[in-house]
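Structure assessment
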Amino acid sequence: MNEQDKGFMQQALVEAQAAQQLGEVPIGAVVVYDGEVVGRGHNLRETSQDPTTHAEMIAIKQAAEKLGSWRLLDTTLYVTLEPCVMCMGAIILARIPRLVYACRDPRVGAVGSIYDFSQDDRFNHKVDVTEGVLHDECSGLLRDFFEGLRERNKVRKAAKKAEKTE
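No experiment lies behind these values; they were computed from the predicted model shown.

Take the overall build of the protein next. Looking only at helices and strands, one finds 5 helices and 5 strands in the protein. For the protein, the N- to C-terminal ordering of α and β elements is α-β-β-α-α-β-α-β-β-α. Dimensions along the principal axes, computed over C-alpha positions, put the protein at roughly 65 × 30 × 30 Å. Burial status across the protein gives 42% buried among its 166 residues. Counting only contacts in the protein whose residues sit at least 6 apart along the sequence, the fraction spanning at least 24 positions is 57%. Within the structure as shown, the protein displays about 9300 Å² of accessible surface, and the carbon and sulfur contribution to it stands at 51%. Here the protein contributes 21 positively and 25 negatively charged side chains, and the mean placements of these two sets differ by 6 Å.

The structure is reproduced here in structure tokens:
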């Protein structure tokens, strides 16, 4: 893990924190080209009510617009959580050569947890993957978010139950 990867993952973590401020699952992403961030995004599914507004999808779209091409050759995508099937599909279709992510997603991860699309010979593009950059910081943010969500849900259920018994 090099310092440059840590620095760009830190920027993805800032995006994840922006998602958290909106009540979204805290996942952030940045696309880097020639040492410069050309796309950034954070989850907006709840805000937009659009299931495709994952951090990666937003960052990829922004990068394509900035670079003027759907082919994101010579770029690196940094994301705080292992991409899902949809996002890995977009990464492959955009020809992104390198992916750096912080922590695995054992429920829907498509870079080794459930599937591994990054090295599948049936696709016309392979992705070089680096895992674990700022793992503790990113996984801690996700863990804290979901613990808080479970606690809020528990309080809501108790309040509803109390209303019914009154």
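Still to come is the rest of the account.
Before going further, it helps to spend a moment on helix α1 (residues 3-21). Counted at 1.5 Å a residue, the expected span for α1 with its 19 residues is 27 Å, and the 27 Å between its end C-alpha atoms agrees. For α1, the capping residue at the N-terminal end is Asn2, with a side-chain oxygen 3.0 Å from the backbone nitrogen of Gln4. Gly23 sits one or two positions beyond α1 and adopts a positive phi of about 85°.

Conventions adopted
Residues numbered from 1 in each chain as written. Predicted model: local features only at pLDDT ≥ 70, side-chain atom pairs only at ≥ 80, totals over all residues. Heavy atoms only, no water. Helix = DSSP H or I, 4+ residues; strand = E, 2+ residues; numbered from the N terminus. Buried < 20%, exposed > 50% of the residue type's maximum accessible area, 1.4 Å probe, protein only. Contact = heavy atoms within 4.5 Å. Areas by Shrake-Rupley, 256 points an atom, 1.4 Å probe, with all protein chains shown as cover. Lys, Arg positive; Asp, Glu negative; His and termini not counted. Charge placed at Lys NZ, Arg CZ, Asp CG, Glu CD. Expected span 1.5 Å × (residues − 1). Polar contact = N/O pair within 3.5 Å; in protein donor to acceptor, adjacent residues only side chain to side chain.

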